[in-house]
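Geometric and topological summary
Listed here are the chains, written in short residue letters.
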Amino acid sequence: HFCNECKCHVCSKCDCRVYHLSYQEELWKEDEEKDKERGKAKKSKKAKKKQKAKERQQKLAEKKAAQAQQPPQYQLQPPLKAASSRALLSAAASPGEGKGS
């Protein structure tokens, strides 16, 4: 049969539509639509990341504000080491030895 777009005779078993410009344009449109969807998905991912970062910053600011309003908490000193406690006990037992009188 004769194909008007190809302007030649084509075998009846062959499908020459894949070579037609109209078919190629349809493929390009589909490909462009997919690219647009991918672009939107990337933008939404970036927007989600920005939103999460803002939320984290707000939580941090709230924690800092709450800590600033609370009275300061005093930390307990760690217990003395075994060697230094022995030295203190021996110094307390013999008060005259430590001084140079």
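Data block above holds the structure.
Residues numbered from 1 in each chain as written. Predicted model: local features only at pLDDT ≥ 70, side-chain atom pairs only at ≥ 80, totals over all residues. Heavy atoms only, no water.

Let's talk about the overall build of the protein
Along the protein, the regular secondary structure elements total two helices and two strands. Counting from the amino terminus, helix and strand elements in the protein follow one another as β-β-α-α. With 101 residues in all, the protein has 4% of them scored as buried. Carbon and sulfur atoms provide 55% of the accessible area of the protein, an area that totals close to 10400 Å². (Helix = DSSP H or I, 4+ residues; strand = E, 2+ residues; numbered from the N terminus. Buried < 20%, exposed > 50% of the residue type's maximum accessible area, 1.4 Å probe, protein only. Areas by Shrake-Rupley, 256 points an atom, 1.4 Å probe, with all protein chains shown as cover.)

Topic: the pattern of salt bridges
Per the counting criterion, the structure on display carries two salt bridges. Note that aspartate 15 and arginine 17 form a salt bridge whose closest N and O atoms lie 3.0 Å from each other. Given the relative accessible area of 42%, aspartate 15 is considered partly exposed. Assessed through its relative accessible area of 54%, arginine 17 is described here as exposed. As a salt-bridge pair, arginine 38 and aspartate 35 come within 3.2 Å of each other at their nearest N and O atoms. In this pair, arginine 38 and aspartate 35 are both assigned in helix α1 (residues 21-69), three residues apart and thus about one turn of the helix distant. For aspartate 35, a relative accessible area of 39% corresponds to the partly exposed category. (Salt bridge = Lys/Arg side-chain N within 4 Å of Asp/Glu carboxyl O.)

With respect to the side chain of histidine 20
Inspection of the secondary structure puts histidine 20 in the loop between β2 (8-9) and α1. Reaching out from histidine 20, the side chain makes a polar contact with the side chain of glutamate 5 at a distance of 3.4 Å. Those residues in contact with histidine 20 that lie beyond four places of it in its chain are Cys3, Glu5 and Cys6. (Polar contact = N/O pair within 3.5 Å; in protein donor to acceptor, adjacent residues only side chain to side chain. Contact = heavy atoms within 4.5 Å.)

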